[in-house]
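Residue strings, one per chain:
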Amino acid sequence: TKVMTIKPILSVKNLSVTFPDNNGGLDALGELSFEIRPREFICFLGPSGSCKTTLLRALAGLVQPSTGSVNFMYHHHEPKIGMVFQQSNLMPWRTVMENIQLSMELDGAGEVKAQNKAREMVRLMGLKGFENSFPRDLSGGMAQRVAIARALIHDPDLLLLDEPFASLD
């Protein structure tokens, strides 16, 4: 029998991140290599301070690797990445709806489409009635659900979660 191999959507080769300091640099990540395939769920475990967040930020393109590479295996479009941080990181001047719509706005989606998808995310996240609320008026769990909705609204190819459920009941 022939075994079918599913091609990876993400390939990480010899990834390392060093943060500059006065002692030649702090080696945060060193020589990591792995692949992620479609519909695969990967979990990085380690104690506090073991650079799990740094790894996720490097995968999202928010931290530049010192060496190695992060390659997405897409030929038809740039990969869409959704990231949910440990804290909600909402824009305090934007309402719940406006915060959820942010990634679609950045993708250049039309206003009507963004609003319709945001309304659906509000319903899915149990935020009905809070669409026009600002982050200061939300509980920690509600703010985190807004952040999750913001990451999911544009149907990401890769979803990165950095302890996203810590403040949820």
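Residues numbered from 1 in each chain as written. Predicted model: local features only at pLDDT ≥ 70, side-chain atom pairs only at ≥ 80, totals over all residues. Heavy atoms only, no water.

**Thoughts on the environment of Arg-39**
On the secondary structure map, Arg-39 appears in the loop between β2 (26-36) and α1 (52-59). Between the C-alpha atoms of Arg-39 and Gly-49, which are 10 residues apart in sequence, the distance is 28 Å. (Helix = DSSP H or I, 4+ residues; strand = E, 2+ residues; numbered from the N terminus.)

**Some words on the sheet that holds strand β1 (residues 10-19)**
Read across the open sheet, the three strands follow the order β2-β1-β3; overall the sheet is antiparallel. Both outer strands of the open sheet, β2 and β3 (67-72), are each paired with one neighbouring strand and no more. On average, adjacent strands in this sheet sit at an angle of 20° to one another, irrespective of strand direction. Sheet topology places β1 next to β3; five bridges connect them, and they run antiparallel. From the neighbouring strand, Ser-16 faces β3, where its bridge partner is Thr-67. Sitting on the sheet, α1 touches β1, β2 and β3, and the angle it makes with β1 is about 120°. (Pairing = 2+ DSSP bridges. Axes fitted to C-alpha atoms, helices over the stretch in contact; angles between N-to-C directions. Contact = heavy atoms within 4.5 Å.)

**Side note on the nonpolar core**
It is characteristic of soluble globular proteins that their nonpolar side chains tend to be buried jointly. Ranked by internal contacts, the top residues of the largest apolar core, which has 21 residues, are Val-96, Ile-100, Leu-127, Leu-138 and Val-146. When contributions to this core are tallied by element, the ones reaching two or more residues are α2 (96-106), α3 (111-124) and α4 (140-152). Considering each element in turn, this core owes the most residues, seven residues, to α4. Residues within four places of Leu-127 in sequence aside, it is in contact with Val-96, Val-122, Met-142, Arg-145 and Val-146. Membership of the second largest hydrophobic core comes to 18 residues, among which are Leu-55, Val-63, Tyr-74 and Leu-158. (Core = buried A, V, L, I, M, F, W, Y, C linked by side-chain atoms within 4.5 Å. Buried < 20%, exposed > 50% of the residue type's maximum accessible area, 1.4 Å probe, protein only.)

Geometry only, nothing functional implied.
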